[in-house]
Each structure stands twice: as C-alpha cells, then as structure tokens.
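Take a look at the letters that make up each chain.
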Amino acid sequence: MGGMNGKSNGIRNIVVLTGAGVSAESGIDTFRASDGLWEQHRVEDVATPEAFERDPDLVQRFYDMRREAVQTKDPNPAHFALAKLQRELDGNLLIVTQNIDDLHERAGAEDVLHMHGEILNAWCTSCDTRSRWSGTLIDRPACPECGDTALRPDIVWFGEMPYRMDEIFAAIREADLFVSIGTSGAVYPAAGFVRDAKSLGVATLELNLERSQGSHWFDESRLGPAGTIVPEWVEEILGNRG
C-alpha cells in the first residue's frame, strides 16, 4: 500500500476507527492497562451497569474525575491530522471513535461517531435525553429537561450495546478504505470491524504503536506513535490532489 493516495487509488470514502492510542499522547490513560486496571480501579467496579447499581457513588466519582481531567488535555498531532483529512479529502471521512473524550472535535473534526459515548454528556435514564455536561454528577443534579435526578455518565459500559452500530456498518459498506488507529483489537464489536471490511473487499490499514490482537487481519500495519504516523499517512493520502 506504499504510495497510497486519494487519486491514483480511487480512495474517496474512508472509515477511521480510533482507540485509546490516539489520545495517549495527549495524556489520557488507555482504558485497560496490562494489569487489568483503569486508573487503579477494576473495570468491573466502575464500567458495568451492575457496578453502578451496586455503588453509584463510586462510579459517579470515578467519571467525575475523568470528566474533569479530559477538560485539561489538548488534542495532539494525530487528532489535528485527521481533522485536516476530513476537511480536505475529495470524498467522505467518518471518524468512529471508541474514545469518550472530545479531542477529535476540539481539533476541528466534525463527523465523529462516539460508539462508546461521551464523557462530556450526561444521560437521563428517566426521560432518555442527553445533555452536555462539564461538571460533576456525584451530587445528583437535576436533569435539565425533566428535572429528575436520574443522570448517569453517557458512557457505554461493558454489557451495553455500543451506539449507532447500523451507521457504522453502513459506512464500512460504502468505504474504499478502513483504517484502525491506536486500538488494541481486544474490545468487541469494534475489534471485528476489520473482518467486516475485508469480507466486503474494502482495503484495510492498521496504524498502531504495536501490533494489535487483530493485526493479522489487516492488509498492512504501520507501527509507531500516533502523533507521528497518522500525520504522515494523512499527507500521503492528500499528497497527489493535483
């Protein structure tokens, strides 16, 4: 896939899947470290519906801290490069992210699908509305829409269905290229997207710090820090626009 560019290879529609590796250089910890802990918590204690039912204060406090921390971070060159590609590609680029931060948007990207939710949203389980939220939820604030105190983080926890899956599969069906950036290849259903793409004859590319669990499914893997290899790939795609 060397020399790949948007003209000679007919690449007009691209679906990019981003994971924790694209935000790591911005100082946002990857979701699940090798020791199975996330910010010193077992995932089972903070990222499941059962955990929220068992100890809502622990879960709310955990995400309050994440929400506060995200707002102190800045996009890195990988985020800015993808936003540039979205602006300048002679076609369509859909960014599907597993990340709950807003760094893609703050870098200027507009077509971003958060399949695992957004930390800067609160979801009211009473009236099913989502509100932009930058403060805390531990003190049980009222929903801006209905006034109930049933707000929870707008995060897809383990055991819950990721958002907008139909849209993701529809975009992959129309894609010329599927690119996975900074993902472990361990969390489904996102880890299965490359196989969906390959079954449809879509070209596939992995950009990652190291080979992922699903690396062998990709046509090509390029390894290195996202802040370095993503801008290089974007310039390659945009290189021969005439």
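Residues numbered from 1 in each chain as written. Predicted model: local features only at pLDDT ≥ 70, side-chain atom pairs only at ≥ 80, totals over all residues. Heavy atoms only, no water.

### Focus: the environment of Gln86
Phase 1: Mapped onto the elements, Gln86 comes out in helix 4 (residues 77-88).
Phase 2: Judged by its relative accessible area of 17%, Gln86 falls in the buried class.
Phase 3: Separated by 104 residues in sequence, Gln86 and Ala190 have C-alpha atoms that sit 21 Å apart.
Phase 4: Filtering out sequence-adjacent residues up to four positions away, Gln86 remains in contact with Leu93, Ile95, Ala109, Glu110 and Asp111. (Helix = DSSP H or I, 4+ residues; strand = E, 2+ residues; numbered from the N terminus. Buried < 20%, exposed > 50% of the residue type's maximum accessible area, 1.4 Å probe, protein only. Contact = heavy atoms within 4.5 Å.)

### Details of the confidence of the model for the protein chain
Phase 1: Mean pLDDT over the protein chain stands at 91; residues scoring 70 or higher make up 91%.
Phase 2: This stretch, residues 1-8, has a pLDDT under 50; its non-local contacts, to residues over four places away or in other chains, come to 27 contacts. (pLDDT = per-residue confidence, 0-100.)

### Thoughts on the packing of helix 4 against helix 8 (residues 226-238)
Phase 1: Running from amino to carboxyl end, helix 4 crosses helix 8 at an angle of 15°, the nearest separation of the two axes being 7 Å. One way to sum up the angle between helix 4 and helix 8 is to call them roughly parallel. Remark: the crossing between helix 4 and helix 8 carries left-handed chirality. Counting all contacts with helix 4, which are made through Pro77, Ala78, Ala81, Leu82, Lys84, Leu85 and Glu88, the residues of helix 8 involved are Ala226, Gly227, Val230, Pro231, Trp233, Val234, Glu235, Ile237 and Leu238.
Phase 2: For the contact of helix 4 with helix 8, the class distribution of residues is twelve nonpolar, one polar and three charged. (Axes fitted to C-alpha atoms, helices over the stretch in contact; angles between N-to-C directions. Parallel < 35°, antiparallel > 145°, perpendicular 65-115°, else oblique. Left-handed = near helix turned anticlockwise from the far one by under 90°. Nonpolar A, V, L, I, M, F, W, Y, C, P; charged D, E, K, R; others polar.)

### Looking at the UniProt feature "binding site: substrate" (unreviewed entry) in the protein chain
Phase 1: Taken from the UniProt record, the annotation "binding site: substrate" (unreviewed entry) applies to Tyr63 and Arg66.
Phase 2: Engagement of the side chain of Tyr63 in a polar contact is seen with the backbone oxygen of Val46, the distance being 3.2 Å.
Phase 3: Mapped onto the secondary structure, Arg66 falls in helix 3 (residues 56-70). (UniProt positions renumbered as here; feature names shortened; annotations may be inferred. Polar contact = N/O pair within 3.5 Å; in protein donor to acceptor, adjacent residues only side chain to side chain.)

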